[in-house]
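Descriptive structure summary
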Amino acid sequence: MPFPATLDYMGLNKPVGQEVSIKGLKPSEGTIPADVRGAFFRAVPDPQFEPFFVPDTALSDDGMISRVLFNEDGTVDYDIKYVQTPRWKAEHDAGRRLFGRYRNPYTNDPSVEGVEGTVSNTTPIWHAGTLLMTKEDGPAMRIDPATLDTIGAYDFGGALKSKTMTAHVRVDPETKEMFVYGYEADGLCSKTMSYWWTDAQGKLVREQFFEAPFCSLVHDFTITQDHAIFPLQPTTADLEIVKDKGPHWVHKPDLEYHLGVMPRYGDVSDIRWFKGPKGVSSFHMMNAFTTPDGKVHMDHHVTDTIAFPHIQADSGINVPPSMLGGGFQRWTVDLSSDSDTVEVTPLGPPGDMPRIAKKDEGRNYSIGYYCSMDPQMKGPPVMGGVVGAMFSALLRKDFVTGAISGYNLPPAHGMSETVHVASSEPGHEGWLVAIVDHELGPDRYEHAVWIWNAGDLPAGPVTKIPIPTRMRPQVHGWWVPMAEYRTATAA
Ligand code: V55
Ligand code: FE
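- The name given to the chain in an unreviewed UniProt entry is Dioxygenase, with Sphingobium nicotianae as the source organism.
- The record in UniProt for the chain states the following under Sequence similarities (unreviewed entry): "Belongs to the carotenoid oxygenase family."

Describing the coordination of the iron ion (ligand 2)
- Protein-derived ligands of the iron ion (ligand 2) are His-168 (NE2), His-219 (NE2), His-284 (NE2) and His-476 (NE2), with the metal-ligand distances lying across 2.0 to 2.2 Å.
- One can describe the site at the iron ion (ligand 2) as irregular: its 4 donor atoms subtend angles covering 93 to 161° at the metal.
- Considered as a linear motif, the donors of the iron ion (ligand 2) on their single chain read H-x50-H-x64-H-x191-H. Taken together, the residues span a long stretch of sequence, with His-168 in the loop between strand S8 (150–154) and strand S9 (170–171) and His-219 in the loop between strand S12 (204–211) and strand S13 (222–223) at a distance of 51 residues. We note that His-168, like His-219, is buried.

Description of the pairing of strand S25 (residues 393–398)
- Counting buried positions over the 6 residues of S25 gives 6, a clear majority of the element.
- Neither face of S25 is exposed, since Ala-393, Leu-395 and Lys-397 on one face and Leu-394, Arg-396 and Asp-398 on the opposite face are all buried.
- Pairing of strand S24 (residues 367–372) with S25 involves 6 bridges; the strand directions are antiparallel. Following the sheet pairing, Tyr-369 is matched in S25 by Arg-396.
- As paired elements, S25 and strand S26 (residues 404–408) share 5 bridges and run antiparallel to each other. What sits directly across from Leu-394, in S26, is Tyr-407.

Scoring rules and cut-offs
- Every chain is numbered on its own, with residues counted from 1 as its sequence reads.
- Labels are handed out in written order, letters beginning with A for the chains and numbers beginning with 1 for the ligands.
- With the structure being a predicted model, the display of local features is reserved for residues of pLDDT at least 70 and the display and counting of side-chain atom pairs for 80 or more, all residues being used for whole-chain, interface and lining totals.
- In computing side-chain values, all of the structure's heavy atoms are included and hydrogens and water are not.
- UniProt positions are given in the numbering used here, feature names are shortened, and annotations may be inferred rather than shown by experiment.
- Note on donors: an N, O or S atom is included if it sits within 2.8 Å of the metal, or within 3.2 Å for Na, K and Ca, and water is never included, so sites can look incomplete.
- Think of it this way: with four donors and all angles in the 85 to 135 degree range, the site is tetrahedral; with four or six donors, opposite ones beyond 155 degrees and the rest between 65 and 115, it is square planar or octahedral; otherwise it is irregular.
- Numbered from the N terminus, helices here are DSSP runs of H or I no shorter than four residues, and strands are runs of E no shorter than two.
- Here's how the labels work: a residue is buried when its accessible area is under 20% of the maximum for its type, exposed when over 50%, partly exposed in between, all with a 1.4 Å probe on protein chains only.
- At least two bridges found by DSSP between two strands are what make those strands a pair.

Structural data, given as structure tokens:
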């Protein structure tokens, strides 16, 4: 194996690099609920070639776009293809890796100077019948949802000026508008951020630029019905360090986590900055909402310091995952006061990969789901994914009663992020769908799609559909109901 013997390339993370198409899969247990008909798109990082600037990180792995299609007849098709980014093509033609350290063009082979370096490995985004593969450091790549072929970089019909687009957008469930931002929006390590929204048809309505207090790793953001919230982690980029062939990110334990809040249809000159705790980290927001008392609430998964081992190492921090404190928290800011403080309310145990029903986006909601670790797990977690360990539990938070219920995976099992599928039955909470990996021994895995009744996680999965090919861990996914998928692919 030519890849270095680091966690990023071993075990479940061992590169696969195979484009696969398997049709007509059937459940090994249970039946697929009639509600679950559509396309589960998944972003799967998988490096085409071994890095030459080691240690490198899984965040640099080439993106693959995968689709688990739940057909009308109750069978399942599984497909996966590389996203053919300009970087993928240049390296494919050269037959070797040409891009060096994570987001550091000063470490690249001179032959790729000026070539777009994004790897499109983070989230498949579906809006107005358009499928995009995204990574926060560059433009989105448009994908043909039927063939999974790469169409090319997407700039909203020539309208977008921002050089970067986040992998985490928000879609209002009633207006169907899509809210988007970018950071390092006009160049490497810049403090300039972009913010734009589109109408329900995907047409760009308004794009604005603003200067953030510092160049931050802004991985996700949230909207409410009234506000847009930009969460700036105290993880920063410095052009001088990057020019010196150093790391892109350095985590700053003494810097406050900042929140920028503005009216969601407003002007960026109206952003107010609030200061949360120092040195904490959070990558994913579950949801946010504005209450009539003028407060804005944001629910997210916070860790005491940054979780990524390579960013810890580059920042002189050494906190192994088992020692990492933190939890699921609600952060509240008060727009009716002049104070710039953030009120922190604990909500639940640590975890990540939050999921809500699409109808709840930006609303005062009652149910949320997320992945976590089973504290009573027998044996070590399945190693894999961008942070190093797979999740072993799935939790459901009821914000009305405060109760948390959940399901623990059997030993030697790990899971990726879920998607939520709505139910047509009134009062039914819908379904959660995810890929589960079972480690049978060194380098031996079984993979399957599991489906849970979202309102009854302790009952365990209602269906398992084995996928008979080696799968690498997914980052994020997106569910597209069948009617929308068929309309978009009919042409
Ligand atoms: C994350 C993932 C990325 C990335 C930066 O989950 C942050 C966090 C898969 O790519 O480039
Ligand atoms: Fe993410």
